[in-house]
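# Survey of secondary and tertiary structure
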Amino acid sequence: MRAYGERSPYETTERVIRELTASPGTGSSRTPHQDLFGTITPSALHFERHHSGVPGIDPATHELLIHGLVDRPLVLTMDDVRRFPSFSRTYFLECGGNSIGEQSGNTQPDVQKSHGLLSCTEWTGVSLALVLREVGLKPEAKWMIAEGADAGRMARSIPIEKVLDDALLVYGQNGEALRPEQGYPLRLLLPGWEGNTNVKWLHRLQFTAEPAMSAKETAYYTELGKDGKAQIFTFVMEARSVITRPSGGQRLAPGGGFHEITGLAWTGKGKITRVEVSVDGGKAWADAVLQEPVLSLAVARFRFPWMWDGKPAVIQSRCTDETGFLQPTHDELIAVRGLNSGYHYNAIKPWQVSADGSVTHV
Amino acid sequence: MCRSMLWLVAACVAWAQPKPPGAGRPATAEEIKDRDITVFPDGRGLPAGKGTAGQGEKVYKSKCAVCHNDKGEGRERQYPALVGGIGSLAAQRPVKTVGSYWPYATTVWDYINRSMPFDHPRTLSADEVYAVTAFVLHLNGIVDAARELNERTLPQVLMPNRNGFVPDQRPDVKAKR
């Protein structure tokens, strides 16, 4: 028996870590989707993206200050937050910079490197709209500035409509407390919105009439178009899908035979309604089976039975969401956005299966 | 009255109270002032203080250059450049820096104030933040070496890419089946 469980010593899959600078705590680690099943990302394998490291916070001393355009500015302890009625929801979380290199042609060799800044979790917390009834929002409050207690005090401005729609204050991750890397003891969760807005180590909410124009919502997480103008406040993650098995770096037994093609699809606009798979480079498409239940704003697992003829093949998936949005090809995306917008890249990702069974990126 | 009746009356009274859970405590004006570090594009939130590029150069050399290099050119594949790229945003390889991309000088002040230096954030005085901001803007040719930046003049600085941002255009990509 073990007081806190560990996986089998034979299981070794792990996140890949990429620091962006020589200073630790500025990079990311990516979820190994090629090795995972189902829809829930184990907490130990949830992707990370930090801008100023991971603070070690004692929950007994952590406070959330709510102020600005409110009638009654308030300080909540973690005990206070947990007194509110709780609920749990399964939502995906995806970094706005997931697959950022794919657009400009820097395609990654495996799905962990190309799509690993995506995870899906059962989160537990409280409705932010409910908590805000305690402070009394003034009608002029149109934005909420959310600030973390990380070293850099990372902050983002959030439109009030989203705050009152489905924003959560989260303290639970897959049935236990948040991991430190996911914002322990408290984070903001904005279902379907780019990861960076889901501020971790949340310690301050300021209600204002206008956005702060913080560094992370102007200099970063904005999308530079072909005309030199950049789109700002592009919050929603649009629909996308990817085959996780077989995928880059894996190897099939040569000679053909049955293989299950499986992967993930998700959209920040609600439910995935359809996933199609092509095994001939995108000429013919056939419907994959979606694992039920398909949850709104969570990843959907799809599966497609494939009798491989043993010849070279290009396999890929594309998804449609409940708004009718169809996942574009790389060429369709760059025709509109050019090569430099980077964030929110959501095009189809093809994998090349060679006759020897090796799988590589195209 | 029997005990159960008393309990019932007490329960009904508690139930009937309109008050919310009553979680938390009121925030004092002092602690709000202490924790609120947000600076807005119109200058709201800026503390009193002042500095010039000349004063900022000394602070920059001792606390910023180790990462961002002597003239704000950054260090390749590591720390971002703070200088250059003005006019390059529509080019094939745009260079996004404080000078070429950031739309507001107040954002530069706010970011230095809250996040820099990376290993000792929030250790600079307000005057030092004004001075370093002035130096970085001067390196980009945006303010003169002698110009004093303070809580009134900083929001008046017009950044080259001030009008370079447009709202979310999506769904912009229409895929064909």
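Keep in mind the model is a prediction, meaning the values are calculated, not measured. (Residues numbered from 1 in each chain as written. Chains lettered and ligands numbered in written order. Predicted model: local features only at pLDDT ≥ 70, side-chain atom pairs only at ≥ 80, totals over all residues.)

## Focus: the overall build of chain B
To keep it simple, the criterion reads: Secondary structure elements are defined from DSSP: runs of H or I of at least 4 residues count as helices, runs of E of at least 2 residues count as strands, and each element is numbered from the N terminus. Residue burial here comes from a neighbour count, namely the number of other C-beta atoms, placed from the backbone, that lie within 10 Å of the residue's own C-beta, with 20 or more meaning buried, 12 or fewer meaning exposed, and in between meaning partly exposed. Two residues form a contact once the distance between their C-beta atoms, set from the backbone, is within 7 Å.
Along its length, chain B carries 6 helices and 4 strands. Listed by position from the N terminus, the elements making up chain B come as α-β-α-β-α-α-α-α-β-β. Buried residues in chain B amount to 35% of all 177 residues. Across chain B, the fraction of contacts at a sequence separation of at least 24, relative to all contacts at a separation of at least 6, is 61%.

## Re the overall build of chain A
Under the convention used in this document: Two things to know: the radius of gyration comes from C-alpha atoms, and the globule rule equals 2.2 Å times the number of residues to the power 0.38.
A tally of regular secondary structure across chain A gives 6 helices and 24 strands. Against the compact-globule benchmark of 21 Å for 362 residues, chain A has a radius of gyration of 21 Å, which places it among compact chains. Taken along the three principal axes of its C-alpha coordinates, chain A extends 70 × 60 × 45 Å. Out of the 362 residues belonging to chain A, those deemed buried represent 52%. In chain A, once contacts between residues fewer than 6 apart in sequence are set aside, the share between residues at least 24 apart is 71%.

## Structural notes on helix α5 (residues 105-115) of chain B
For α5 of chain B, a buried count of 11 out of 11 residues is recorded, marking the element as mostly surrounded by other parts of the structure. Those residues of α5 of chain B that sit buried are A105, T106, T107, V108, W109, D110, Y111, I112, N113, R114 and S115 of chain B. Buried-residue contacts for α5 of chain B involve α5 (215-218) of chain A together with α6 (126-139) of chain B.

## Let's talk about the pairing of strand β17 (residues 257-266) of chain A
All names here are of chain A. Using the following cut-off: For two strands to be treated as a pair, DSSP must find at least two bridges joining them.
Pairing geometry for strand β16 (residues 240-245) and β17, over 5 bridges, is antiparallel. What sits directly across from R240, in β17, is W266. Taken together, the 9 bridges between β17 and strand β21 (residues 300-308) define a ladder with antiparallel strand orientation. Note on β21: the bridge partner recorded for F258 is M307.

## As for the interface of chain A and chain B
The criterion, for reference: Three classes are used, and their members are as follows: Ala, Val, Leu, Ile, Met, Phe, Trp, Tyr, Cys and Pro are nonpolar, Asp, Glu, Lys and Arg are charged, and the others, Gly among them, are polar.
At the junction of the two partners, chain A supplies 51 residues and chain B supplies 43 residues. For the side of chain A that touches chain B, the elements supplying multiple residues, two or more each, are β4 (63-68), β5 (74-77), α1 (78-83), β13 (202-208), α5, β15 (230-232) and α6 (330-337) of chain A. The element contributing the most residues to the side of chain A that touches chain B is α6 of chain A, with 4 residues. Its residues placed into classes, the side of chain A that touches chain B shows 23 nonpolar, 15 polar and 13 charged. Pairing of β15 of chain A with strand β4 (residues 165-167) of chain B involves 3 bridges; the strand directions are parallel. Looking at β4 of chain B, one finds that Q231 of chain A is bridged to V166 of chain B.

## Quick word on the packing of helix α3 (residues 53-63) of chain B against α6 of chain B
All names here are of chain B. Test applied: Throughout, an axis means a line fitted to C-alpha atoms (over the contacting stretch in the case of helices), and angles, computed between N-to-C directions, take values from 0 to 180 degrees. By definition in this entry, angles of less than 35 degrees are roughly parallel, angles greater than 145 are roughly antiparallel, angles of 65 to 115 are roughly perpendicular, and the rest are oblique.
As a packed pair, α3 and α6 sit with axes 7 Å apart at the nearest point and diverge in direction by 100°. The angle between α3 and α6 places the two elements in the roughly perpendicular class. Note on element contacts: α6 touches α3 through E128, A131, V132, A134, F135 and H138, opposite A53, Q55, G56, E57, V59 and Y60. Here the contact of α3 with α6 is composed, by residue class, of 7 nonpolar, 3 polar and 2 charged.

## A few points about the sheet that holds β4 of chain A
With mixed pairing, the 6 strands of this open sheet are ordered in space as β9(A)-β8(A)-β13(A)-β4(A)-β5(A)-β1(B). Strand pairing shows two members of the sheet lacking a second neighbour, β9 (155-159) of chain A together with β1 (25-26) of chain B, which therefore form its edges. Of the strand pairs in this sheet, β4 of chain A and β5 of chain A are connected by 4 bridges, and their pairing is antiparallel. Bridging across to β5 of chain A, I66 of chain A finds its partner in L74 of chain A.

## Observations regarding unusual backbone geometry
Backbone torsion omega between E292 of chain A and P293 of chain A reads -5°, so that peptide bond is classified as cis. With respect to the element layout, P293 of chain A can be found in the loop between β20 (289-290) and β21. Of note, the bond from R170 of chain B into P171 of chain B is cis; its omega dihedral lies within 30 degrees of zero at 5°. The residue P171 of chain B is located in the segment after β4 in this model. Not every positive phi belongs to a glycine, and R77 of chain B is a case in point at roughly 60°. With respect to the element layout, R77 of chain B can be found in the loop between α4 (65-68) and α5.

## Structural notes on the domain arrangement of chain A
All names here are of chain A. Our working definition: Domain start and stop points were drawn from an automatic or database domain assignment.
For chain A, the assigned domains are domain 1 (16-231) and domain 2 (240-361). For domain 1 versus domain 2, the separation of C-alpha centres amounts to 27 Å. When residues of the side of domain 1 that touches domain 2 are traced back to their parent elements, those giving at least two are β6 (87-94), α2 (111-115) and β14 (223-224). For the side of domain 1 that touches domain 2, a count of residues per class yields 10 nonpolar, 16 polar and 4 charged.

## A short note on the nonpolar core
Test applied: Among buried residues, those of type Ala, Val, Leu, Ile, Met, Phe, Trp, Tyr and Cys that are joined through C-beta atoms within 7 Å form a set called a nonpolar core.
One finds F92, A146, L169 and A265 of chain A together with V132 of chain B to be the most contacted residues of the largest nonpolar core, which totals 120 residues. With 9 residues, the single largest contributor to this core is α6 of chain B. Taken domain by domain, this core gets at least three of its residues from each of domain 1 (16-231) and domain 2 (240-361) of chain A. Ranked by size, the runner-up nonpolar core spans 6 residues in total, among them I334, Y345 and I348 of chain A together with V173 of chain B.

## Concerning the confidence of the model for chain B
Counted only if it meets this: Every residue gets a pLDDT, meaning the predictor's confidence in that residue, from 0 to 100.
Here chain B averages 92 in pLDDT, while 88% of its residues score no lower than 70. For this predicted complex, the interface score ipTM comes out at 0.96, while the overall pTM is 0.95.

## Looking at the packing of α5 of chain B against α6 of chain B
Residues and elements named next belong to chain B. To be explicit about the condition: Note on convention: near helix rotated counterclockwise from far helix by under a right angle means a left-handed crossing. Clockwise means right-handed.
The geometry of α5 relative to α6 is characterised by a closest axis approach of 9 Å and an angle of 125° between their N-to-C directions. Looking at the two axes, α5 sits oblique to α6. The handedness of the crossing between α5 and α6 comes out as right-handed. Two secondary-structure elements touch here, α5 through A105, V108, W109, I112 and N113 and α6 through V129, V132, T133, V136 and L137. For the contact of α5 with α6, the class distribution of residues is 8 nonpolar, 2 polar and no charged.

## Quick look at the pairing of β4 of chain A
Two faces belong to every sheet, and in a regular strand the side chains alternate between them. All names here are of chain A. Across the 6 residues of β4, 5 count as buried, placing the element largely inside the fold. Between β4 and β5, which pair antiparallel one after the other, the connecting turn spans 5 residues. Strand direction decides the pairing type here: β4 and β13, joined by 4 bridges, are parallel. Residue pairing in the sheet places L65 in a bridge with R204 of β13.

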